[in-house]
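Read off the chains here:
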Amino acid sequence: MNPKEEKMKIITEEFLENEEDAPVEGLKSSKLPRQKRKKQPPTGGPGEMVSGKAQDDIQEEPVKQEPETQLLSMKAGRGPRNLPPIPASSRTSFAEFSMRERMREKLQAARSKAESALLQEIPTPRPRRLRSPSEKELETEFGVEPSKEALRTQQEDGSQSYSRVKHHEFIRKIKTKPLVPPGFPSAEDAYNFFTFNFDPDPEESEEKPKATAADKDTQEEEAGEEEEPPMQEGVNKTDEEELLSGKDAEEFLVGLDQTAADFVDVRPADYESVHVRMQREKEILFIPSRFTVPTYKKLPENVQPRFPEDEGLYIGERPEVSRTNQNIVENRLLTQEPERGWFGDDGRILALPNPIKPFPSRPPILKQEQAVHVELEMLYKKAVNYVTCSQHMIGAGEAPGIFQLDIDISGLIFTHHPCFSREHVLASKLAQLYDQYLARRQRNKAKFLNDKLQALRNAVQTGLHPEQPHRSLDTTQKAIHEYKAEIRQTRKLRDAEQEKDRTLLKTIIKVWKEMKSLREFQRFTNTPLKLVLRKEKVDQKADDDAYEAEIQVEVSELLEEHLEDYEQKMEEYRMAYQHWKAWRKAQRAKKKKKKQAVVEHPDEESEEPCPEAEPCPGEEPVKPVPPELTEQAVIEQQVRERAAQCRRRSGEPVLVPELSLAGSITPNDQCPSIVFLLVFVGVPFSFEADGSNQLILMTSGKVSNSVAWAVGEHGVPLSPPLSQQIIGFRSALKRADAISSIGTSGLTDMKKLAKWAAESKLDPNDPNNSPLMQLISVATSGEAYVPDFFRLEQLQQEFNFVSDEELNRSKRFRLLHLRNQEVPEFRNYKQIPVYDREIQEKVFQDYEKRLRDRNVIETKDHIDAHRAVVAKYLQQVRESVINRFQIAKHHFLLSDLIIEEEVPNISILGLSLFKLAEQKRPLRPRRKGRKKVTAQNLSDGDIKLLVNIIRAYDIPVRKPTASKFHQQSRSSRTFSEKCAASPAPHSPTHGVDYPLGQVLVRPFVEVSFQRTICHTTTAEGPNPSWNEELELPFRAPNGDYSMTSLQSVKDDVFIHVFDEILYDVLEDDRERQSGIHTRIERHWLGCVKIPFSTIYFQARIDGTFKIDMPPVLLGYSKERNTMIERGFDSARSLSEGSYITLFITIEPQLAPGETIREKFDSQEDEKLLQATEKFQAECALKFPNRRCLPTVIDISGKTVFITRYLKSLNPPQELLDVYPNSPQATAELVACYVSLIPFLPDAVSFAGVCDLWSTSDQFLDLLAGDEEEHAVLLCNYFLFLGKKVWLMMGNAIPEGPTVYVLTWEQNHYLIWNPSSGHFYAQYDTFCPLKSVGCLIGPDNIWFNIQRYDSPLRMNFDVTKPKLWKSFFSRNLPYPGLSSVQPEELIYQRTDKAAAAELQDRIEKILKEKIMEWRPRHLTRWNRYCTSTLRHFLPVLERSQGDDVEDSHRAELLKQLGDYRFSGFPLHMPYSEMKPLIEAVYSTGVHNIDVPNVEFALAVYIHPYPKNVLSVWIYVASLIRNR
Amino acid sequence: MAEVHVIGQILGATGFSESSLFCKWGIHTGAAWKLLSGLREGQTQVDTPQVGDMAYWSHPIDLHFATKGLQGWPRLHLQVWSQDSFGRCQLAGYGFCHVPSSPGTHQLDCPTWRPLGSWREQLARAFVGGGPQLLHGDTIYSGADRYRLHTTAGGTVHLQLGLLLRHFDRYGVEC
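Residues numbered from 1 in each chain as written. Chains lettered and ligands numbered in written order. Predicted model: local features only at pLDDT ≥ 70, side-chain atom pairs only at ≥ 80, totals over all residues. Heavy atoms only, no water.

As named in an unreviewed UniProt entry, chain B is B9 domain-containing protein 2, taken from Chrysochloris asiatica. Turning to chain B, the UniProt record has this under Subcellular location (unreviewed entry): "Cytoplasm, Cytoskeleton, Cilium basal body". If you open the UniProt record of chain B and go to Function (unreviewed entry), you find "Component of the tectonic-like complex, a complex localized at the transition zone of primary cilia and acting as a barrier that prevents diffusion of transmembrane proteins between the cilia and plasma membranes." (UniProt positions renumbered as here; feature names shortened; annotations may be inferred.)

Chain A has the name Coiled-coil and C2 domain-containing protein 2A in an unreviewed UniProt entry, where Chrysochloris asiatica is given as its organism.

Here you go:
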């Protein structure tokens, strides 16, 4: 027992306790260690360490104190730091409580300190011991103190100034509060003290411990120093009572500032040298050595160590402990407890065996996991370099991975086995040898080499005796040389092979002999092997010869070789010999010199041969030996020897060994003994009796097996995809890989695939490509069968809901689909029913019928077969053109989609400002432009047609009926006449004849459009003014308001002028006073027809139009009496007709369709096309509104230069024959003929797609066309007639952009309207052509660059370059363009019978129609009148409606005296039935509902050549006069 | 005989580094599908976002399909292109997504990708524009050859599709 150590332990324990307590429980809890310490001295006894320590503590305090406190502070530092914030955080009761506690203690401490301060002037710690009975308490205080100090120093800086302020304040307070009784302050006091006077609580709470710390400082070190204010403050706080009780305290406080220096004590930093410390530590501490302890120390005296392991006892493996640790422990044990038996007999520390198992004893859980999720197992794969390779396998239906390789092991043949007997060994050896022999024989290399040798020899032979002398000697030599070398080589090889063969045969025989002998020896046979040597007899003679010849050849060859060799060697020899000779000579010469030089030394001469070599011993050449020529006999000998060795001797039979298993095995019972001689594996044994030639055999054998891919259920081989290598190679070729070159989806496209196959030149015989080839061949041959594995969507059929047929049968789907395709019948079909059953089958009837009838020409509607064909053709052209431009229509420009309001600029603003000053109701109001609306969101009723009828001129007036009529029936006087007459003061009773004041006509206007009818009020007189606006609704076909649909509206607007006549039908004159009974009749006077398409494209139509009047208007005449002629004389005299001023527009204004912005291909010269573009651009730049069209599109959709259309063409001969002497009349007739060809605007037929120009023959064939075609034909006819003529492009009313024809007569220009046949003088005000853009002649184009474009104000002299810009000029001369027109027009005479038949049919149809239109009335036909009219119509045709009226009327009067007649003939070209019906309907003849009315209707068709028909319809109503 | 009506819009795209984007789109269906009405493919306008990152197209999609089977459900493939200041167009991303199979409105986000090309091509793309594009557009949705490609991420195209299904229940397909 070491008392010293014991002490040590205890002390450290105490320290530990102290450390633990101090921080946690603070000062208060320091009682426990104190008690312990009190107890300690008796238990501990007066040990050195304790006493030492105590002394250190007490006596050597100034020295010892520092390290101790430092030590403590280090550990305690952590604890107290946590303390102060607790009261600071909140004013909880606990915080208050602990605060008070501490306060109390601090007060106590402060009091004692103050006392000691009073008692003692020197501030040493020693008095503390005197004063305080308990050292422990002080010690604990020390423990706490430094931590607080540390804390204070932390916060000092921040709080210093603040606390100073507080300090003064505080002093004041103390001074004013002297009356507080001594003793401990009450809790409230303390609380108030800390809370009330200081604003921030946290500061205060932190300050307090600081203060206590500070005052302890003062206790110990007289608390001078720099931190005066806080310290004093602390003093103030803590020493409250003392200060109050003792006045000196007050002095102390107040006088603090002055005496600061007295408290300061400068000390050096405490330092204990390392050396000293080490010294002392050495005294205290024991450090066990690390060095190995000698064994004798560990063992008892005189005991030798013994090692149980060596004695064979089991010793477990000791646990691993590092050597150093072991040493330390041993040293320690030796020192500490040497008496205890720590060490074993071997001198090592006793130890149990290592308890740690090298492997885990825990059962593996792996198995459990496996059992649960086998499929979730994962396999780690190393990262490998990615090799791009194609893994595509065409038609890999099977999932990859289920491959199956079948290996069939059929047998195992041992070549050696432990159970083998000697005979077995031999047998297997024999079998092996035989196999070898068979293999060799199959290859027969010897024979091959032999043949080769023969061939080479032949080659050499031919080479030596060349048959082709031109061959250069050099090459032959060389070749022969090479051949010879090869012969040599081959011969050697052959010899070797032959030798091998022979030795093999020998060995076989030898083994067989051995085996036989063995069998004999052991007297039984246990292998079935049997070798039969078959001898093949050979022809002795031939064999001998061959053998001999072979040897001879070989010998000669060898001789040759040797000769060559000899030659070479001889050459070398000669060279060497020369060399040697020369050297020898030189040597001799030297020797001679030497001789002369050393005559005196004769003794040296004897040694001559020797010293000869002396001067240059290395260089002396040996005298060459001449080579010997080998003897032929020797060579032959050699050859023969070798042949004998390796070749079958001549005459010797060919031996063919045959091994069979035919040998019989000795049965067991016949075996001499049961003991087999077994050959052990790996043990040497010998067949020889003397044991030589030992063999060591190992078990070996052969496994024979077969390998194949298994076959799946469906006969599909379960093999992996084709070899990666091959595919990789193919994909590297890129083109060869189908998928990479045409994409996966391309695989379904047979054509693509076939194309690719052709391009990449697949080898059709390559088995790899066979499926592909087969597929392609199947696909291209058109067979329906497609192999399953090429379908991308497998199992499609199995999963189909319905079959294709059923899907196609669905009416709803079909309807939707057709609507989407914009099939005309369904284009605007709305609200397709949801259920199939709601869709009626007849919806499709029209469509299906149309599909069916596409190629069937329907003659029902057309009556005329030719026109039916034409209509069909036109329909087809139309369809093809529309299809052609369907795509082009979908190309939109930005302006098509976006309507952008212009940003107002200064000019617009200015204009709007001007508008403010405008008149509100101008005297002459003008129409303003309106915003255009794209026809998109429109529906029925949105669009209205506004027709503003302003006035009319020169309406025909009623002709006074013959007086006898009038006088005969009073009641038939017109009411209006009466009415009009009555107000007139000087009107006679029968004012009919009275020329003045008579109401000549009471016209009103009726506008009909789409069978909607509106009419104006009735005006009076021949020049009425209505100024009325009529509004007609517009309904688009099928409710489709798209642009294309609107463009193709074929409806016309009819503006009819009627005369309203009132008839007094009052029967009794007596009632005349009480009532009026009149009947209104209206008489058709004329009409204006304007196609809707014109209105649509023009947006507005404004102007004065000529009213289309029948040539004969019974009962009316154009009076030219002087009464109504005023200032219009000059203008009216020229025109013969009535005019009406109209304004028509659509509300809202619709944006017209765009023309196609597409370039058409052309056969024109590129230069010409460029010139046209340039010309057009220049023209458009100067006059953007003037039309210029250098190129047009022909019916096949190609761009054609316009002058190519103009060519002199012959009109029908009949027309020329009519007026052979009057060119003017002929011209009119021709114009009339042209106008009889029906008018069909392109814009309507091609739905605004474009303007197609057909040539004249096409036009005549089609019998339909618009202005261009008419104009071109007329122009061509005029050219034929020898007129000077131009096509004139411009704008007309109401057509809009159109083409007229201009002719130069003798001294004036005439403007012809080709579609009507009328002509106008240049200065005719009522000429419908309002502006002229350009003139086109057969060889040039002239653009109007005059200031005005109205024909009235223009000069048509195209030779003036200032007025007309010509296309072909000096810069670009006319290249002489060929015409697109035919050479000549051929006219067929129209069949008159057919015309007559058509005439009858039309008449019949019209009559039926009229009856149909009068459903409530009886329609009677006056046959007499009809026949009269029928006779009259041809006259009209002949005279073109001129000057027949009077005679006609007279005739009518004569025949129909009793009837009041109203009627008129209509004249029109014939295209089809519908326009005729429409025209008759629009006259309103049928509207008469007088009960006794009768009708008359006559039709006359005048046939012109080329099936042009002029149709006259005379329709009249008759009312019998009573 | 079942019908599918796809009504919706291509809202726009986010996350593309390029501005001025437009989108070419198309719908690919299997052989069992028949388009009754509507356009199978189209192209949006070029949108240059003024505020924010998202290019808005709001391009309407309205298709009406009839089908006799479920195979080859409509797939939407998108190509986002960007137009630079010279009016040149270059590829910004390929995208693909299936048309949803449940009725109702769906918000789809279709991430896009584009081929990366060699470093030379990347450099060229960065400076002079252009860049590698797929030769065969069907690679976008077929995916058979995709493993050869090195691609980089484009942005996301946002779609809003509403689906009306009809008569699927007749054939045992619940939706």
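All names here are of chain A. Spatially, β16-β15-β17 is the arrangement adopted by the 3 strands of the open sheet, whose pairing is mixed. Edge positions in the sheet fall to β16 (1199–1201) and β17 (1252–1253), since each of these pairs with one other strand and no more. When strand β15 (residues 1191–1194) meets β17, the two strands line up parallel, connected through 2 bridges. What sits directly across from I1193, in β17, is L1252. (Pairing = 2+ DSSP bridges. Helix = DSSP H or I, 4+ residues; strand = E, 2+ residues; numbered from the N terminus.)

Residue and element names in this part refer to chain A. A cluster of nonpolar side chains, namely F403, L405, I407, I409, L412, F414, V703, V707 and W709, defines an oily patch on the protein surface of about 850 Å² accessible area. Elements with a contribution of two residues or more to the nonpolar patch: β1 (405–416) and β4 (700–709). In terms of residues, the nonpolar patch owes the most to one element, β1, which gives 5 residues. Within the secondary structure, F414 is located in strand β1. (Patch = residues over 30% accessible without salt bridge, like charges linked within 9 Å, V, L, I, M, F, W, Y side chains within 5 Å. Areas by Shrake-Rupley, 256 points an atom, 1.4 Å probe, with all protein chains shown as cover. Salt bridge = Lys/Arg side-chain N within 4 Å of Asp/Glu carboxyl O.)

Residue and element names in this part refer to chain B. Most of strand β6 (residues 75–83) sits out of view: 8 of its 9 residues are buried. Of the pairings in the sheet, the one linking strand β2 (residues 21–28) to β6 comprises 8 bridges and is antiparallel in character. In the sheet register, I27 faces β6, and the bridge partner there is L76. As paired strands, β6 and strand β7 (residues 89–98) are joined by 9 bridges and run antiparallel to one another. When the sheet's bridge partners are listed, H77 is paired in β7 with F96. The turn linking β6 back onto β7 is made up of 5 residues, and G87 within it adopts a positive phi angle of 80°. (Buried < 20%, exposed > 50% of the residue type's maximum accessible area, 1.4 Å probe, protein only.)

Right, let's talk about the packing of helix α49 (residues 1392–1413) of chain A against helix α52 (residues 1473–1483) of chain A for a bit. Residues and elements named next belong to chain A. Contact geometry for α49 and α52: axes closest at 11 Å, N-to-C directions at 45°. One element, α49, and the other, α52, form an angle in the oblique class. Handedness of the crossing formed by α49 with α52: right-handed. Each of I1402, I1405, L1406, K1409, I1410 and W1413 in α49 lies in contact with α52, whose residues at this interface are M1473, L1476, I1477, V1480 and Y1481. For the contact of α49 with α52, the per-class residue count stands at 10 nonpolar, no polar and 1 charged. (Axes fitted to C-alpha atoms, helices over the stretch in contact; angles between N-to-C directions. Parallel < 35°, antiparallel > 145°, perpendicular 65-115°, else oblique. Left-handed = near helix turned anticlockwise from the far one by under 90°. Contact = heavy atoms within 4.5 Å. Nonpolar A, V, L, I, M, F, W, Y, C, P; charged D, E, K, R; others polar.)

Assignment of secondary structure puts S82(B) in strand β6. Those residues in contact with S82(B) that sit more than four places away from it in its chain are E18(B), S19(B), S20(B), L21(B), R88(B), C89(B), Q90(B) and A92(B).

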